[in-house]
Amino acid sequence: MFKNNVGMTDRVIRIFIGVVLLVAFFIYPNASWRYWTLIGVVPLITGAVGTCPLYSLLGLSTCPTRLV
């Protein structure tokens, strides 16, 4: 459905950041800022799926170019 526009390095970084933010949500249960860490779902999903809607809107891609 969507074209892949997130390269492998970008995907690994996104998944790592997403997991770290979501872990922080559970590690700090009484912190007033903990609900902001739920934003970690976004990079986790875009990293897992391999496509970023914002990259699509801006015409960006971190995937390597294919030589034909």
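Now for a description of the structure that goes with this document.

### Some details on the packing of aromatic side chains
Given two aromatic rings, one states the distance between the centres and the angle between the planes to describe the pair.
Thought 1: All told, the structure shown has 3 aromatic pairs when counted by the stated rule.
Thought 2: With centroids separated by 5.6 Å and ring planes inclined at 65°, the aromatic side chains of F25 and Y35 adopt a geometry described as edge-to-face. Within this pair, whereas F25 is found in helix 1 (residues 8–27), its partner Y35 is found in the loop between helix 1 and helix 2 (41–49), the two being separated by 10 residues in sequence.
Thought 3: Ring geometry for Y28 versus W33: centroids 5.4 Å apart, planes at 55°, classification tilted.
Thought 4: Accessibility expressed as a relative area gives 43% for Y28, which makes it partly exposed.
Thought 5: On the basis of relative accessible area, W33 is assigned to the partly exposed category, the value being 40%.
Thought 6: Site record: aromatic cluster; members linked through ring pairs are F25, F26 and Y35.
Thought 7: The ring of F25 carries R34 above its face, with NZ or CZ at 3.9 Å from the centroid.

### Examining the layout of surface pockets
Thought 1: Reported here for the largest pocket is a volume of approximately 170 Å³.
Thought 2: Around the largest pocket, the lining residues are K3, N4, V6, G7, M8, S61, C63, P64 and R66.
Thought 3: Taken together, the residues of the lining of the largest pocket sort by class into 4 nonpolar, 3 polar and 2 charged.

What counts, and at which threshold
- Residues numbered from 1 in each chain as written.
- Predicted model: local features only at pLDDT ≥ 70, side-chain atom pairs only at ≥ 80, totals over all residues.
- Heavy atoms only, no water.
- Phe/Tyr/Trp six-rings, centres within 6.5 Å; stacked < 30°, edge-to-face > 60°.
- Helix = DSSP H or I, 4+ residues; strand = E, 2+ residues; numbered from the N terminus.
- Buried < 20%, exposed > 50% of the residue type's maximum accessible area, 1.4 Å probe, protein only.
- Lys NZ or Arg CZ within 6 Å of the ring centre and 35° of its normal.
- 1 Å grid on protein atoms, 1.4 Å probe; cavity = no way out; pocket = protein on both sides within 12 Å on 5 of 7 lines; lining within 4 Å.
- Points joined across faces, edges and corners; volume = space filled by probe spheres on them.
- Nonpolar A, V, L, I, M, F, W, Y, C, P; charged D, E, K, R; others polar.

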